[in-house]
Amino acid sequence: MLLFVAALAFVVVKLPRGFSEDLSVIGQGKNVAVMVHDKEGVQSMNLMSMINKVRGEYADRIEFRVADANTKEGLAFSEKHQVPSASLILFARDGRRLGIVDGESGAQDPDALRKALDQALRF
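Residues numbered from 1 in each chain as written. Predicted model: local features only at pLDDT ≥ 70, side-chain atom pairs only at ≥ 80, totals over all residues. Heavy atoms only, no water.

*Asks:* Where do I start with the pattern of salt bridges in this structure?
*Replies:* Proximity of charged atoms lets side chains of opposite charge pair with each other. A full pass over the atoms with the stated rule returns 6 salt bridges. We note a salt bridge from arginine 114 to glutamate 57, for which the minimum N-O separation is 2.8 Å. Of this pair, arginine 114 sits in helix H5 (residues 110–121) while glutamate 57 sits in the loop between helix H2 (42–54) and strand S2 (62–68), and the two are 57 residues apart along the sequence. Here arginine 114 falls in the partly exposed class, since its relative accessible area comes to 22%. A relative accessible area of 39% places glutamate 57 in the partly exposed class. Its salt-bridge partner being aspartate 94, residue arginine 96 comes within 3.0 Å of it at the nearest N-O pair. The class for arginine 96 is partly exposed, based on a relative accessible area of 44%. One network of salt bridges, in which partners are shared, links Lys30, Glu63 and Arg65. (Salt bridge = Lys/Arg side-chain N within 4 Å of Asp/Glu carboxyl O. Helix = DSSP H or I, 4+ residues; strand = E, 2+ residues; numbered from the N terminus. Buried < 20%, exposed > 50% of the residue type's maximum accessible area, 1.4 Å probe, protein only.)

Structural measurements only, silent on function.
Spelled out as structure tokens, the structure:
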């Protein structure tokens, strides 16, 4: 039983952390990356998977958030920024939009996503 509990704890620790939907952090002194996510879209799921693979490397430089495209708030955010679901919008510390990673290019591999994040952080 103790072995089972230890194994379960190990698995839980290895699970990706959830994403906060609190977008009020944009423009509050930290770089923010907001994914407009549609849980039923393949491109959204692929982009989410790529983000989960690299976000630990950027935890000290970027706050990762999600805007659920299936909610009123998420849809309003998507429309305000004129992006479809499966998009990652990168914001500077002061709230300026630095760039967008779309689901097709950003979800291809972790290196493509790292390159896009690094390029956006240079500004």
